[in-house]
Amino acid sequence: MRSVLPPGLARRQWQFIAVGGVIATVLYGMFPSTTVGTAAFTIFAILTVVACFAGPPRWGAEPPAAWRLMGTAALLFMIGVLIRPSVTERPMPWPLLADVASFSGYLMLGAFLLVLLQRRGSLDRHAVVDGLIVSLAAGAASTLLLALPAAAIPGRDALLSAIQGTYPLFDVMLLMLLVNLTFTAKTWPVSLIALIVMISTLTAGDLVYAIYGVSGKIYASPLLNLPYLIAYTSLAVAATHPSVVEMSRAAKLPAQAWSWPRLSLLLPALAVPFALLLTTGARSAVSRMLIAITGAVIVALLLVRAIAAVRAQVAAQLRSEHQATHDPLTGLPNRQSMSAEIERLVTVVEPEGHDRVWVYMLDLDGFKWVNDSWGHDTGDQLVIEVGRRLRTGVPHGIPVARVGGDEFLLAFIGEKGDALRLVDDIRGCFAKPFPVRHHDVVISASIGISHAESDPANAAVTAEALMRDADTAMYRAKAEGPGRSTIFDTSMHAQVRERIELEVALRQALAEEQLHVAYQPLVRLETGIPVGAEALVRWMHPERGAIPPMTFIPIAEDAGLINAIGTWVRKEALRQLGVWRSEGTVHDDFYLSINVSPRQLSDPELPLIVSGEMVRYGVPPHCVALEMTESVMVDGSSVTSRVLFELRELGVKLLVDDFGTGFSALGYLRKFPVTGVKIDRSFVTGLGVNHEDDEIVRAVVAMSHALGLSVIAEGVETPLQREALYAVGVVNGQGWLWGAAVPAAEFAERWRDVVMRGPAVPEIFSNPSGRHRRPN
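Quick caveat, the model's predicted, so the values are computed rather than measured.

1. Some words on the environment of Gly 379
Turning to step 1, where the next piece is worked out: Its location among the elements puts Gly 379 in helix H14 (residues 376–393).
Turning to step 2, where the next piece is worked out: Filtering out sequence-adjacent residues up to four positions away, Gly 379 remains in contact with Phe 367, Val 370 and Asn 371.

2. Considering helix H18 (residues 549–558)
Residue pairs spaced three or four apart in an α-helix point in one direction, given the helix's 3.6 residues per turn.
Turning to step 1, where the next piece is worked out: What H18 keeps buried is the set Phe 552, Ile 555 and Ala 556. Down the axis of H18, the buried side of the element spans an arc of 100°, and every buried residue falls inside it. Residues of H18 that are exposed and point over 90 degrees away from its buried face: Met 550 and Asp 558.
Turning to step 2, where the next piece is worked out: The inward-facing, buried residues of H18 abut helix H17 (491–512), strand S9 (530–541), strand S10 (545–547) and helix H19 (562–583).

3. Notes on the packing of aromatic side chains
Turning to step 1, where the next piece is worked out: Scanning the entire structure with this criterion turns up 12 aromatic pairs.
Turning to step 2, where the next piece is worked out: Measuring from ring centre to ring centre gives 5.3 Å for Phe 77 and Tyr 106, while their planes differ by 80°; the resulting arrangement is edge-to-face. Of this pair, Phe 77 sits in helix H4 (residues 64–87) while Tyr 106 is found in helix H5 (residues 95–120), placing the two residues 29 residues apart along the sequence. There is no split in this pair, since Phe 77 and Tyr 106 are both buried.
Turning to step 3, where the next piece is worked out: Judged by centre distance (5.1 Å) and plane angle (65°), the ring pair of Tyr 519 and Trp 580 falls under edge-to-face. With Tyr 519 in strand S8 (residues 515–524) and Trp 580 in helix H19, the pair connects residues that are 61 residues apart, well separated along the chain. Exposure class is identical for Tyr 519 and Trp 580. Each is buried.

4. Description of the sheet that holds strand S7 (residues 485–487)
Turning to step 1, where the next piece is worked out: Reading across from one edge, S2-S3-S1-S6-S7 is the order of the 5 strands in this open sheet, with mixed pairing throughout. Every other strand in the sheet has two partners, leaving strand S2 (400–402) and S7 as the edge strands with one partner each. Each adjacent strand pair in this sheet contributes to an overall mean axis angle of 20°, direction not counted.
Turning to step 2, where the next piece is worked out: Examined bridge by bridge, strand S6 (residues 444–452) and S7 share 3 bridges and lie parallel to one another. If you follow Gly 448 over to S7, its bridge partner there is Thr 486.
Turning to step 3, where the next piece is worked out: Sheet contacts for helix H15 (residues 416–428): strand S1 (356–365), strand S3 (407–414), S6 and S7; angle to S1, the most-contacted strand, approximately 20°.

5. Remarks on the pairing of S1
Turning to step 1, where the next piece is worked out: Counting buried residues along S1, 9 of its 10 residues qualify, which places the element largely inside the surrounding structure.
Turning to step 2, where the next piece is worked out: As defined by bridge partners, S1 adjoins S3 across 8 bridges and the pair is classed as antiparallel. Each residue of the ladder has a partner; that of Val 359, found in S3, is Ala 411.
Turning to step 3, where the next piece is worked out: When S1 meets S6, the two strands line up antiparallel, connected through 9 bridges.

6. Details of the environment of Trp 358
Turning to step 1, where the next piece is worked out: For Trp 358, the position within the fold is in strand S1.
Turning to step 2, where the next piece is worked out: When its relative accessible area of 3% is taken as the criterion, Trp 358 is described as buried.
Turning to step 3, where the next piece is worked out: As a C-alpha pair, Trp 358 and Ile 342 span 16 residues in sequence and 9.1 Å in three-dimensional space.
Turning to step 4, where the next piece is worked out: Among residues more than four places away in sequence, those in contact with Trp 358 are Leu 410, Ala 411, Phe 412, Gly 414, Glu 415, Lys 416, Ala 419, Ile 449, Ser 450 and His 451.
Turning to step 5, where the next piece is worked out: Polar contacts involving the side chain of Trp 358 include one to the main-chain carbonyl oxygen of Gly 414, which spans 2.8 Å.

Calculation rules
Counting of residues starts from 1 at the beginning of each chain's written sequence and follows it residue by residue. The model is predicted, so local features are restricted to residues of pLDDT at least 70 and side-chain atom pairs to those at 80 or more, both for listing and for counting; the totals for chains, interfaces and linings are taken over all residues. Water and hydrogen atoms were dropped before computing side-chain values, which therefore reflect all heavy atoms in the structure. Helix and strand assignments follow DSSP, with helices taken as H or I runs no shorter than four residues and strands as E runs no shorter than two, numbered in order from the N terminus. The criterion used for residue contact is that any of the two residues' heavy atoms lie within 4.5 Å. Partly exposed residues are those whose accessible area sits between 20% and 50% of the maximum for their type, while under 20% is buried and over 50% is exposed, using a 1.4 Å probe and protein chains only. Note that the arc is computed from the directions linking the helix axis to the C-beta atoms. Stacked, edge-to-face and tilted are the three classes for Phe, Tyr and Trp ring pairs, Trp counted by its six-membered ring, which pair at centre distances within 6.5 Å; planes under 30 degrees apart are stacked, over 60 edge-to-face, the rest tilted. Two strands qualify as a pair provided that DSSP identifies no fewer than 2 bridges between them. Lines are fitted to the C-alpha atoms to define the axes, a helix being fitted only along its stretch in contact, and any angle between axes, read from their N-to-C directions, falls within 0 to 180 degrees. The term polar contact refers here to a pair of N or O atoms within 3.5 Å; inside protein, the definition further demands a hydrogen-donor-capable atom paired with an acceptor-capable atom, and it admits residues adjacent in sequence only when both atoms are side-chain atoms.

Structural data, given as structure tokens:
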């Protein structure tokens, strides 16, 4: 329900109602038996009823049915208070009408609290038992101190007297429900505080009426209704304050089952039967019987409470232990639990037998692309499904654990043949696609395997070494390609140390400017003159010398340095191209081809950054080409797709590098705004020798021309390869035939001369028949 009041006024409406309640209370106190007092009470009570029905929906409080129950309770209470003076002195059953209305109001109020508790998930067995104990104690006290004495008054109906003494019992039960409600609130909002005040003043009013009932009076003065008017004021504030929306939201405190707040309620309740026995137990056999029954039931409930508390403590301890030793996502054992299990296996394997302890470390191939493409929720679901398949796919009794984001660990005792058969079982778990959130995800796992003999004396050390070595072997398997498995050998330790040292050195190289950009020409096959160049990063280590890109680029990707390196290469290449253009070293259409990683293309700010860099260095967009691998198109997320389209809108060329080695799907070339492909060197090497390579290149060229894409051949090393490429329609090439990648100064000096003197290699001419040939 939308408020018709301005937002500022609507948020302060509860303040006006509170002031109105204070005014109504003052008027009623000053003129209790007059029309003014009665009108003030009635008008404000009606206003409270309206507030209960209209206030909470305005702020979106849930559930709406709860506050409708509260509004009905307020209406019934109002009817009971207003008719009580006129029916009290009339014969039975007229006096019961007021009690019927009031009792119905209590039922509605109790239902209101129960609905809120259910909404907040606040009903627990400990609170219910605590409430019963306190309610029994309060009920016994109310019966012996109020109801029975009132019923013993001569000349008054016993039922009416008993009813007057039971009101405090209703209030105690309501207070217990309210206390349970407060147990789930870390902070008390205004609406909750107002509700507490409302039920507290309601209890005070009922208690005063009950005390008067013991003295023989059911109704003494209108002033006895003042607590009810205060209760109405508090209820109206609770219903109209904006914090009413928080009433249905639970935020449980980490309180123990036997916390001091709980004990402060239970201990007085336990003392009640003994106090009653001392004060009233000698009056009659009925009193003593009631005290005995109450005490026995309280003791029974206390035993139930104690047993429940012990069980809850044990369950909490077991749950805590399970959480400490198991993965929360899959429910599988975690690294700590698996380490203990491997340590146990090391101690139980027969030292004189042929069996060994085998440990398998699995890492999902391409898991990052699942997260980037479909989101982390899908990634989590995939991990859960992989864990389920591993549990059911490997023989029973083999422990399976999740030890990382996409890493799993298995352990096994047996001979080598059995251990290798287990590898086949593990691979079988990945043979079928994984149905995850309406997607069929095809994924494999790289497996690292380690093994050891029995070593009970050093079980902990051996277990740790097995896990470490399996992890090392897994990285070796991953480097060999997806879905591979590798058994650890000691030489891998040296390779791991080497990789760590290179990563540290690479970080230093970035900081100390040991990297530089080299440029390899992109040549027009017909003339041998460069039309562009590819910017390639090179690393000259001060002690190790030149380190190949195939060595340090994978390390940069794993270490998260590829973005920093790619950004530096791009900025340096654009700066150099701007210098060449200003100096007249290259012509206006000369372009630079720069590699971009999948991580860079997942940055939504990349088009803006590239645009700014081109403006800064004075490079037009048509002089820039960005190279990406085929996997970017296959695994690209919506962010990557948008980045590619925005880069193309800038006028930048987009090339697919190493085309033919990946998915090479025509649909991807049509879906994304690529402008050209670079044929991988593996197909160029066999040209003129291998007929299959000739046909593959011919097909790629035909497909590219049909789509309007440019074609560049990589790895051209011989004149024969160049002529074969030109014969099938390839226009541009790149390779050692025209030289390796060289620093900027050397590139400028060498290729400026070519432009000045003509082609550095013989030109390819066309004969009248249309076939390309090279003159002798």
